[in-house]
Amino acid sequence: MLPIDDTPLVRDGKILILAMDHGLEHGPVDFEPVPETIDPETVFEVGTHDAVTAMAVQKGVAEAYYPSYEDDVNLLAKLNGTSNLWRGEPDSAVNCSVDYAAEELGADALGFTLYGGSNNEIEMAEEFRDAQEKAREHDLPMVMWSYPRGQGLRSDRDPETIAYAARLALELGADVAKVKYPGTPEAMEWAVDAAGKTKVVMSGGSKSDDYAFLKQVEECISAGGKGLAVGRNVFQRDNPVQILDALEKVIFEEQSAEQALDAVQ
Amino acid sequence: MLPIDDTPLVRDGKILILAMDHGLEHGPVDFEPVPETIDPETVFEVGTHDAVTAMAVQKGVAEAYYPSYEDDVNLLAKLNGTSNLWRGEPDSAVNCSVDYAAEELGADALGFTLYGGSNNEIEMAEEFRDAQEKAREHDLPMVMWSYPRGQGLRSDRDPETIAYAARLALELGADVAKVKYPGTPEAMEWAVDAAGKTKVVMSGGSKSDDYAFLKQVEECISAGGKGLAVGRNVFQRDNPVQILDALEKVIFEEQSAEQALDAVQ
Amino acid sequence: MLPIDDTPLVRDGKILILAMDHGLEHGPVDFEPVPETIDPETVFEVGTHDAVTAMAVQKGVAEAYYPSYEDDVNLLAKLNGTSNLWRGEPDSAVNCSVDYAAEELGADALGFTLYGGSNNEIEMAEEFRDAQEKAREHDLPMVMWSYPRGQGLRSDRDPETIAYAARLALELGADVAKVKYPGTPEAMEWAVDAAGKTKVVMSGGSKSDDYAFLKQVEECISAGGKGLAVGRNVFQRDNPVQILDALEKVIFEEQSAEQALDAVQ
Amino acid sequence: MLPIDDTPLVRDGKILILAMDHGLEHGPVDFEPVPETIDPETVFEVGTHDAVTAMAVQKGVAEAYYPSYEDDVNLLAKLNGTSNLWRGEPDSAVNCSVDYAAEELGADALGFTLYGGSNNEIEMAEEFRDAQEKAREHDLPMVMWSYPRGQGLRSDRDPETIAYAARLALELGADVAKVKYPGTPEAMEWAVDAAGKTKVVMSGGSKSDDYAFLKQVEECISAGGKGLAVGRNVFQRDNPVQILDALEKVIFEEQSAEQALDAVQ
Amino acid sequence: MLPIDDTPLVRDGKILILAMDHGLEHGPVDFEPVPETIDPETVFEVGTHDAVTAMAVQKGVAEAYYPSYEDDVNLLAKLNGTSNLWRGEPDSAVNCSVDYAAEELGADALGFTLYGGSNNEIEMAEEFRDAQEKAREHDLPMVMWSYPRGQGLRSDRDPETIAYAARLALELGADVAKVKYPGTPEAMEWAVDAAGKTKVVMSGGSKSDDYAFLKQVEECISAGGKGLAVGRNVFQRDNPVQILDALEKVIFEEQSAEQALDAVQ
């Protein structure tokens, strides 16, 4: 575990990751609600917002666009990921080596998906081991996208599953666990407790209305969560700056969703 | 991403790859329409045409024939490929290492197939990662043959699939995406947008008549495509020089198919 | 085989390992009987008890918590382990390399699970080989969690299976074999004999009542067992110190379960 | 591609490989027609015939017998091979590393089987890549036993299949393609054309009568084939020297089968 | 092939290996006929008999017990092996690296099982390749336990199978082939012929009566076999020294079974 509070990924103990790996994970359809987001520069511009502590992208996007934004954006290199054309058990290709992310991309942090319960869980855990130990050599924080999924799972967001997901991140050596919101503040608190010193951030998920979304984030923060990793709920909005203004208030100033919404509208 | 505009693969921002890996991918039957093309020298001679920015061949063909053409042809070493005797899920053997291509073959660029949606997608993506990162060490442009195919695919050339294919090339770090033509200029434009800074070239496909073929290329170019990777549509013609003359006009001079045909006939 | 009697894992020829990898192997539910045990510090505090010769945890827990306890607790780094979300044949991901455990975690001993009889037995045995030979370079004792399990097993705790499990540890080069208690002192003695110079410790298993638990441990010791690896039977009790006081008497002073219970109550 | 005309494998542009890996591929039954051939020395003696440009054997046979014959026989180390006890899809174990063949066995050439169309084609092609690139470091000619076989094949010796087999050798970087005789001179010519600069030799196959066998070889040579790789059709004869005398005339002197037979009888 | 006649494994051209890997391969039940044999020291004491040219054990047993016997016993480190809890196709885990056996265990010879005809034959053959080539670096003789077994086999001890097994050892580069006795001296002779310069020893198998056992060994020797690898037929007897005395006469003095029995009783 790194003292990650002093890394660029964290500000005042909190984290707001703007993720844009949807072109790989979901395909270009995710950019249709706001067509100009198909151009990564559009989203990188959004990522220059002060609230964003890092942007999460795949290697190729980082290579092509990050050089223009390295002064204004911190880079979280997402190491694995897979298209949704894939029909096998949940799995994720390791698309970027840690050395390449650290030395060539200039990453400030790393991200890695683990599908606990998948028939590929063990292989993924071993790939995570290699990445995590290599990340330590570069003093880079490691964020685990901890998403139980696959043959072994009945529900991928009941409280026990989410608490287990958070714990996996701690046990395997992640500095930050990105988990789905388990539905209630109590369940979120359990997940936060299970993760121990590993910081928990919630996953933004598919686009929802402003209040509902901010309310979940507020609940996450008050339950001890340290922030958010969000994509569609920001870049699929017509006014991504406004929602980031609001998220900044909820996450970093610990305001309520209502307060934050009032302030930005 | 390399600044590939300054590499031999690109001329005036455009690309015309003459591919001759059909002996591996399809077998000698592809040479029957013009029997002398079974001799690689016949096709290498075609490849000396000014319009061709690189020839794509497998390692063995490069070893045996490229030494005689290295002054007149730029070499794109296709790193993977498989015979069509293969009956498994779409997959491709890595037949040439990057170091060998760069140091022994004298390659100017590299090519790699990814079958998104195949049950072998993840393994192929990881093989691509290794090749791509190694290619960077040699400053060699990487072209992805991005062909969604296999169990997960209903259609391998509907607009969404092709746009996804183009985006995969960007996300995974290819400099150029080779995709099938998705049928309409609008669909091609979507693919070009999805690929961002990664240049998109269309795949020539099986032989069609002169006008229909040139028209597709014209549509590709006007939709923002940067060129073509073509095999059968050149070397299966009795007069490959003529079609290359026409392609040169369509691709590099951005003439219409009609103009180009008129000029060369 | 190391002369492990002189290592921190062993005291007076005996071993008491407090295991806390349940967050990985079973999930946070194992902490519900004593909710504060979800905080690893709670269990590490228990681990400072004199009777405990080492605590067994996964890499991530060691990274996050062991720096505060390295003066008071000996660390056994459990190298492999898997969540119970996994539905395949018994298997275990190697989550930590030996070099990392030795050099970065500061481990005093190592642990490795082998599921004999699983369809993954051979792969696990080969992973064990690598770990064991590497452990020798660091002069670290190797404890095998020898748990026959999977397709090939009718019963995973009949005397023959447990004796076989103990022998596997010897044959493959473990210094200590952790096996389930086979039900009778005679069966335990067989296992101890089968293990030869490899020390045998029993596995604590799920929580049972004080006397029954201590009686098993007494039987184990009198049958030649060298101690215990225990988790739930300590940290799921309201008074873990008391049971450790009793275990200390049974294991290190070879008192009977009755004597030990009387002394601590 | 090596300038192999100057290597010991080739004489006057022609090749005659005496293969004796039948003990591995078929078992000792292949030695029953001439029982003394079970002793490798018997066959090595045959291999000292001037017509033989190299003997093809597995590593163990080379280690044990080649030291006595290295002045009189050129060694082709067959790198892979498998017993016919194997019941899986066609596959072949890599039994010898290239470095070992070059440095310890003193090989003059290397051989490698590829079963195109097998479910193991891709793995075999990648093993071939490693061997071929390593062979180049040692300047050793590489002969591919190119035998389409397995799930994907209806016929393993129709003209198209054999031409494809020959082309695979060229595309993947073999210097010599060993293929089955496709039945007619025209079909053989197609295979020779498909192989381009890669030399084609025919496989001797199971024992046939003198004339029929020599006639096939004659047809192969007149179709542009560069020779023969033969085992049973030599060592299963009572007078192997006589047939080699005849083969020498057909292959190196380009005599007809009739002329050759007349001369040696 | 090593000149192994000068290594400790061979005495006067003959070999008698006392194997004790039954704790791994069969489990502790094999020690029940003579209960004290569960203690490896009991069997190592037997192994100090002059007739024994080497003892074959797994890594862990060698680590724990060989240091006390290295002056009196030659060590054959058996590199692979698997428990009989395994229910898959015949396979064997590589439990010890060659470097470890040579440098840490002080092995005088190495052993490796190959299950020809198993679905794992190819993987095992490739593991054997690595071990064999590494063994050559250390100048250590390699003994192959050549046991055709698995899906492809109808009978694992008919003469053709055993001759094939012996030939596999030669072809793949073993110095000694350990095969089951094929039932008759003629069949044994075929196996010996098939193995060429590779020495053949018979496998002792399950316990049989003194005369029947010695008679088989006599037949093996008179058929050209070079000795025996035996476990149960020695250590499951009440008087293992007596049978070793007799074996010494049959193997090294080439006496008949009757003579040998008379002399020792």
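Since this is a predicted model, take the numbers as computed values, not measurements.

### Structural notes on the relation of the copies chain D and chain E
Alright, step 1. The two copies are related by a screw operation: chain D maps onto chain E through 72° of rotation and 0.0 Å of translation along the axis, at an RMSD of 0.0 Å. On this basis, the relationship between the two copies can be described by a five-fold rotation axis. The position closest to the rotation axis in chain D is occupied by the C-alpha of Glu 123 of chain D, lying 10 Å away.

### Describing the arrangement of the chains
Alright, step 1. A minimum C-alpha distance of 19 Å separates chain B and chain C, which share no contact.
Alright, step 2. One finds no contact between chain A and chain D; the C-alpha atoms of the two approach each other to within 19 Å at their closest.

### Observations concerning the interface of chain D and chain E
Alright, step 1. Listed per partner, the contact involves 37 residues of chain D and 32 residues of chain E.
Alright, step 2. Each partner contributes to the roughly 2,800 Å² buried at the junction of chain D and chain E, and carbon and sulfur atoms together form 58% of this total.
Alright, step 3. For the interface between chain D and chain E, the tally reads two salt bridges.
Alright, step 4. Here Glu 63 of chain D ties to Arg 136 of chain E by a salt bridge, and the two come within 3.0 Å at their closest N and O atoms.
Alright, step 5. Between chain D and chain E we count 16 residue pairs in polar contact (both at pLDDT 80 or more) in total.
Alright, step 6. Of all elements in the fold, only α1 (22-25), α2 (40-47), α3 (59-69) and β5 (93-94) of chain D reach the threshold of two or more residues within the side of chain D that touches chain E.
Alright, step 7. In terms of residue count, the dominant contributor to the side of chain D that touches chain E is α3 of chain D (seven residues).

### Some thoughts on the interface of chain A and chain C
Alright, step 1. Between chain A and chain C, the contact holds 32 residues from the first and 37 residues from the second.
Alright, step 2. Buried surface at the junction of chain A and chain C, summed over both partners, amounts to about 2,800 Å²; 58% is from carbon and sulfur atoms.
Alright, step 3. The largest per-residue losses of area from chain A upon contact with chain C belong to Ile 122, Tyr 164 and Glu 171 of chain A, which jointly make up 25% of the total buried on that side.
Alright, step 4. Across the contact surface, chain A and chain C share two salt bridges.
Alright, step 5. With a closest N to O distance of 3.1 Å, Lys 59 of chain C and Glu 133 of chain A form a salt bridge.
Alright, step 6. There are 16 residue pairs in polar contact (both at pLDDT 80 or more) connecting chain A and chain C.
Alright, step 7. Elements supplying a minimum of two residues to the side of chain A that touches chain C: α5 (121-137), α6 (159-172) and α7 (185-195) of chain A.
Alright, step 8. Residue classes in the side of chain A that touches chain C are distributed as twelve nonpolar, ten polar and ten charged.

### Looking at the packing of helix α8 (residues 210-222) of chain C against helix α10 (residues 240-252) of chain C
All names here are of chain C.
Alright, step 1. Where α8 meets α10, the axes come as close as 9 Å, and the angle between the chain directions of the two elements is 25°. On the basis of their axis angle, the class for α8 and α10 is roughly parallel. Of the two elements, α8 crosses α10, and the hand of that crossing is right-handed. In this structure, α8 contributes Asp 210, Phe 213, Leu 214, Val 217, Glu 218 and Ile 221 to the contact, and α10 contributes Ile 243, Ala 246, Leu 247, Val 250 and Ile 251.
Alright, step 2. Looking at the contact of α8 with α10 residue by residue, the classes come out as nine nonpolar, no polar and two charged.

### Section: the sheet that holds strand β7 (residues 142-146) of chain A
Across a sheet, strands are paired by hydrogen bonds formed along the backbone, either parallel or antiparallel in direction.
Residue and element names in this part refer to chain A.
Alright, step 1. Here eight strands make up a closed barrel; going around it, the order is β1-β2-β3-β6-β7-β8-β9-β10 and the pairing parallel. Each neighbouring strand pair of the sheet contributes to a mean axis angle of 25°, computed without reference to strand direction.
Alright, step 2. Note that β7 and strand β8 (residues 176-179) share three bridges and pair parallel. Bridged to Val 143 within β8 is Val 176.
Alright, step 3. Lying over the sheet, α7 contacts β8 and β9 (199-203), oriented at roughly 140° with respect to β9.

### Notes on the side chain of His 49 of chain D
Residues and elements named next belong to chain D.
Alright, step 1. Mapped onto the fold, His 49 is located in the loop between α2 and β2 (54-57).
Alright, step 2. For His 49, a relative accessible area of 12% translates into the label buried.
Alright, step 3. Looking at His 49, its side chain comes within polar contact range of the side chain of Asp 245, at 2.6 Å.

Each value, and the rule that gives it
- Residues numbered from 1 in each chain as written.
- Chains lettered and ligands numbered in written order.
- Predicted model: local features only at pLDDT ≥ 70, side-chain atom pairs only at ≥ 80, totals over all residues.
- Heavy atoms only, no water.
- Least-squares fit on C-alpha atoms with pLDDT ≥ 70 in both.
- Contact = heavy atoms within 4.5 Å.
- Buried area = accessible area lost by both parts, 1.4 Å probe.
- Salt bridge = Lys/Arg side-chain N within 4 Å of Asp/Glu carboxyl O.
- Polar contact = N/O pair within 3.5 Å; in protein donor to acceptor, adjacent residues only side chain to side chain.
- Helix = DSSP H or I, 4+ residues; strand = E, 2+ residues; numbered from the N terminus.
- Nonpolar A, V, L, I, M, F, W, Y, C, P; charged D, E, K, R; others polar.
- Axes fitted to C-alpha atoms, helices over the stretch in contact; angles between N-to-C directions.
- Parallel < 35°, antiparallel > 145°, perpendicular 65-115°, else oblique.
- Left-handed = near helix turned anticlockwise from the far one by under 90°.
- Pairing = 2+ DSSP bridges.
- Buried < 20%, exposed > 50% of the residue type's maximum accessible area, 1.4 Å probe, protein only.

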